[in-house]
Amino acid sequence: MDAFSSSFIPKMPHPTKRIHTPNLSTLAQTIPHISSVRIEDRKATIPPSTTPPTPKQGHEARRADSRSAQVSPRPVKQQAAMIRSQPVQQTLPVVVFNLLDNVINNFVDPPLRPSVDPKHVLSDNFAPVEELPPTRCEVISGSLPSCLDGVYIRNGPNPQFLPRGPYHLFDGDGMLHSIRISKGEATFCSRYVRTYKYKVEKAMGSPVIPNVFSGFNGLTASAARGSLAAFRALTGQFNPVNGIGLANTSLAHFGNRLYALGESDLPYEVRVTQDGDIETVGRQDFDGQLFMSMTAHPKMDTDTGETFAFRYGPIPPFLTYFHFNPNGKKQQDVPIFSMTSPSFLHDFAMTKTYAIFAESQICMNPMEMIKGGSPVGADLSKVPRLGILPRYAKDESRIRWFDVPGFNIVHAINAWDEGPDEIVLVAPNILSVEHTLERLELIHASIEKVRINLKTGHVSRQPVSSKNLDFAVINPSYISKRNQYVYAAIGDPMPKITGVVKLDVSMAERNAEAVVGIRSFGEGCFGGEPFFVAKDPKNTEAEEDEGYLISYVHNERTGESRFLVMDAKSPSLEVVAAVRLPARVPYGFHGLFVSKNDLNNLARVL
């Protein structure tokens, strides 16, 4: 039975009928088969020689349809005054730079490849949507379990303006889609993360800061866009010191604060109001201790309350490791100079005693950019390797590197210690690494279980499943500890997700296909990364899979999006509740569930 089966839930309304929507603009979002981006450039005037930065005090300015609330953020140091809300007259530099931008995008580096053509990348349910204030939803089947009282938030790219030139899926402004649940009732909300980039471009009325993944393909394009960005900065249109990140990848909750993350910038603190709205508090540098950027995949140890993270970049040290104490205070950096070339390190893994870094064949390659390619690509001559660093290392003197030919990972699922000398890592291995950024639909990721013997140096690998799987999660209580079950999204092909599988990783030792549960979303229906929520997180006697999987699912035939709740113990991952959402939810990246108690703690901190 699929997730949209007519035998399980009422028949969905015909796309021409009105679905429960608060206004005409949200009704338009339910129309299926969107052929191109529906966001239009909005004319606006620009303050002369003014850089619109992150505010020093007060929360983000709210739209007229939302209520206000008072918060006291901890912003990054040395940021200027708040963006002017009133329109002002355009200046000659703005007009000239916009004309030059059009010349670059139409003649120097037009979006010729499908992977960076907005008409292709932003079609159907990848097309962006407008913000939606808190809106009540209808539970159309089953009932929402009490353990889901809290909020599920999923992050993803959603450009606020139609891209003028090349655009990659990873380049969109971060938008948070949340469903606040209380006593069996649900409220949905969609809000942009008010990053510095978002606010600058909103004030300008058009894109200003070049896209990272699609704006620098080739030496000519890089020189043209780099020069234009430099002139914009020199004339005060934006200040790169304030960050150019998108905060569009994931979320993290640690130190009693909630953050929207993107690995090219610092975290942005956000909060959820009592009525289910989302507010951006500000860009955070943790009292000046966090420099430039942080991974979008930090790991929190639920036993100690500590959070472990890293940053990477194109200049030495190419990798820097650090962690936060239970109160969210950042500890000292540990630069890793033994990584001798810049690599794309999106994720990592933690055990109770070690941090594990995967240096793959996905590299930052300036030579490819000079030849006309992307600055991030595959170096097939490079041998992938794993770096093992003690969890509380003060320097890199004890790091050990192990060659693992053919093992290229973007995401890590979990890792744990087995005995005094062995480490186990579970992760999806990308078998077609050359397509990682350029042809996502050709990617095949096979989950593997890797054992590293620290005493002998021996590395062994066992397949867990041959299916094309990624965006995998576990019960969060088992992070850094031995776990049995993994819940992974089925790519058919990536980045579209056709369903979810439950894997028993202990079966890998028996050379068996480890799938022990599966849920198909149904024909024409696609979802995203699942998230596991335990029925009773405080019950230490509960079984590992005693809980629910939650995810957004979209029906491309009807244009309707839903929030699904699945029983994680059921072999069919039975759908126990479904919520019809009042607006379309585009496909995105990673999500997080924050319990009611944790939300209350966030409110007290602010």
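The following refers to the structure shown. Source: prediction; values computed, not measured.

Comments concerning a nonpolar patch on the surface
- Taken together, the side chains of Leu92, Val96 and Leu100 define a hydrophobic patch exposed on the protein surface, amounting to about 270 Å² of accessible area.
- Secondary-structure assignment places Val96 in helix H2 (residues 92–108).

Topic: the packing of aromatic side chains
- Evaluation of the coordinates by the stated rule reveals 23 aromatic pairs.
- When the centroid spacing of 6.2 Å and the interplanar angle of 85° are considered together, the rings of Phe188 and Tyr552 count as edge-to-face. With Phe188 in strand S5 (residues 185–192) and Tyr552 in strand S30 (residues 547–555), this pair connects stretches of sequence that are 364 residues apart.
- When its relative accessible area of 0% is taken as the criterion, Phe188 is described as buried.
- Assessed through its relative accessible area of 5%, Tyr552 is described here as buried.
- Here the aromatic rings of Phe526 and Tyr587 are separated by 6.4 Å at their centres, their planes lie at 85°, and the arrangement is edge-to-face. Of the two residues, Phe526 sits in strand S28 (residues 525–526) while Tyr587 sits in the loop between strand S32 (575–580) and strand S33 (591–595), which places them 61 residues apart along the sequence. The same class applies to Phe526 and to Tyr587, which are both buried.
- An aromatic cluster is defined as three or more aromatic residues linked by ring pairs; in this entry it consists of Phe310, Tyr312, Tyr321, Phe344, Phe348 and Phe357.
- Over the ring of Phe322 we find Lys330, and its NZ or CZ is 4.8 Å from the ring centre.

Focus on the environment of Arg482
- Among the structural elements, Arg482 can be located in the loop between strand S24 (469–473) and strand S25 (485–491).
- Taking the C-alpha atoms as reference, Arg482 lies 7.5 Å from Asp417; in sequence the two are 65 residues apart.
- Filtering out sequence-adjacent residues up to four positions away, Arg482 remains in contact with Trp416 and Glu418.
- A polar side-chain atom of Arg482 sits 3.3 Å from a polar atom in the side chain of Glu418.

Rules and cut-offs
Residues numbered from 1 in each chain as written. Predicted model: local features only at pLDDT ≥ 70, side-chain atom pairs only at ≥ 80, totals over all residues. Heavy atoms only, no water. Patch = residues over 30% accessible without salt bridge, like charges linked within 9 Å, V, L, I, M, F, W, Y side chains within 5 Å. Areas by Shrake-Rupley, 256 points an atom, 1.4 Å probe, with all protein chains shown as cover. Salt bridge = Lys/Arg side-chain N within 4 Å of Asp/Glu carboxyl O. Helix = DSSP H or I, 4+ residues; strand = E, 2+ residues; numbered from the N terminus. Phe/Tyr/Trp six-rings, centres within 6.5 Å; stacked < 30°, edge-to-face > 60°. Buried < 20%, exposed > 50% of the residue type's maximum accessible area, 1.4 Å probe, protein only. Lys NZ or Arg CZ within 6 Å of the ring centre and 35° of its normal. Contact = heavy atoms within 4.5 Å. Polar contact = N/O pair within 3.5 Å; in protein donor to acceptor, adjacent residues only side chain to side chain.

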